[in-house]
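Residue strings, one per chain:
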Amino acid sequence: FTCLALARALERKQLAFEAEIAPYLGGLAIRTLAPALPPLRFWHLVTHSAGFDQIGLDRQALQPADQLTPRQFLEGRLVRVRPPGQATCYDTYAVTLAGYLVEQFSGKPFARALREEIFMPLGMERTFVQAPAELRGDLALGYGLENGALLAQPYEYYNTQPASSIDSTAEDM
């Protein structure tokens with residue numbers, strides 16, 4: 001959904017997937033550990049080939065009040081460790097960056113942009129980036145195995161919503 005939203009935003013802005021992302025970062029810094037890497041392009045984000053380090057820390061929040069926006073999460077965490085396009089590696093950071101760019105292009109928070117620009121036009125009335133609290137009882141309950149016992153897991157809140165969060169129904173999908 002994040003990549004679809006980015007593709008639609010690029011289409012509206014008449015930008016190609018081959019365009020560089022740097023002019024659209026709004027001051028968000030990307031560090032580079034390797035010297036003289038080629039520029040990042042939109043297609044690197046959606047093909048999981050941007051070359052970011054997958055630090056893996058702080059992707060979840062304990063409650064909604066603690067959640068970070070995509071920009072807040074990415075600030076200081078975007079580190080390029082290999083040339084873009086060189087290797088494919090599932091990339092939570094690149095997809096979260098794609099969600100941040102959706103925010104930049106739409107002028108809306110990520111969840112609202114997806115709701116208004118993807119889910120509602122497709123008739124996906126029970127699909128959310130994060131289900132409202134009043135609908136959480138309708139969600140399937142996840143379980144984890146601990147000491148041989150299945151334990152119900154709490155609802156998960158993500159700081160990497162563009163890469164990690166969609167609540168939907170089979171009918172909507």
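See the structure printed just above.
Residues numbered from 1 in each chain as written. Predicted model: local features only at pLDDT ≥ 70, side-chain atom pairs only at ≥ 80, totals over all residues. Heavy atoms only, no water.

> Mind showing me how you'd approach the packing of aromatic side chains here?
A ring pair, where both rings are aromatic, is described by two values, the distance of the centres and the angle of the planes. Per the counting criterion, the structure on display carries 6 aromatic pairs. For the pair Tyr-24 and Phe-42, a centre-to-centre distance of 5.9 Å together with 40 degrees between the ring planes defines the contact as tilted. Placement of Tyr-24 in the loop between helix 1 (2-12) and strand 1 (31-32) and of Phe-42 in helix 2 (residues 42-46) is noted, with a sequence separation of 18 residues between them. Overall, the relative accessible area of 25% leaves Tyr-24 in the partly exposed class. Each ring, one from Tyr-155 and one from Tyr-157, has its centre 5.2 Å from the other, and the planes form 70 degrees; the classification is edge-to-face. According to the relative accessible area criterion, Tyr-155 is partly exposed, its value standing at 25%. On the basis of relative accessibility, which here comes to 12%, the residue Tyr-157 falls in the buried class. (Phe/Tyr/Trp six-rings, centres within 6.5 Å; stacked < 30°, edge-to-face > 60°. Helix = DSSP H or I, 4+ residues; strand = E, 2+ residues; numbered from the N terminus. Buried < 20%, exposed > 50% of the residue type's maximum accessible area, 1.4 Å probe, protein only.)

> Can you walk me through the environment of Ala-111 in this structure?
With respect to the secondary-structure elements, Ala-111 resides in helix 5 (residues 110-119). A residue is classified by how much of its surface remains accessible, and Ala-111, at 33% relative accessible area, is partly exposed. Taking C-alpha positions, Ala-111 is 18 Å from Leu-62, a pair spaced 49 residues apart along the chain.

> Sorry, what's going on with the side chain of His-48 here?
Relative to the assigned elements, His-48 resides in the loop between helix 2 and strand 2 (60-61). Only 3.0 Å separates the side chain of His-48 from the backbone nitrogen of Asp-91, close enough to count as a polar contact. Aside from chain neighbours lying at most four places away, what touches His-48 is Ala-87, Thr-88, Cys-89, Tyr-90, Asp-91 and Val-95. (Polar contact = N/O pair within 3.5 Å; in protein donor to acceptor, adjacent residues only side chain to side chain. Contact = heavy atoms within 4.5 Å.)

> What is the right way to look at the state of the cysteines in this model?
Taken as a whole and assessed by the stated rule, the structure comprises 0 disulfides. We note that Cys-3 lacks a disulfide partner, and the nearest cysteine sulfur, in Cys-89, lies 15 Å from it. (Disulfide = S-S within 2.5 Å.)

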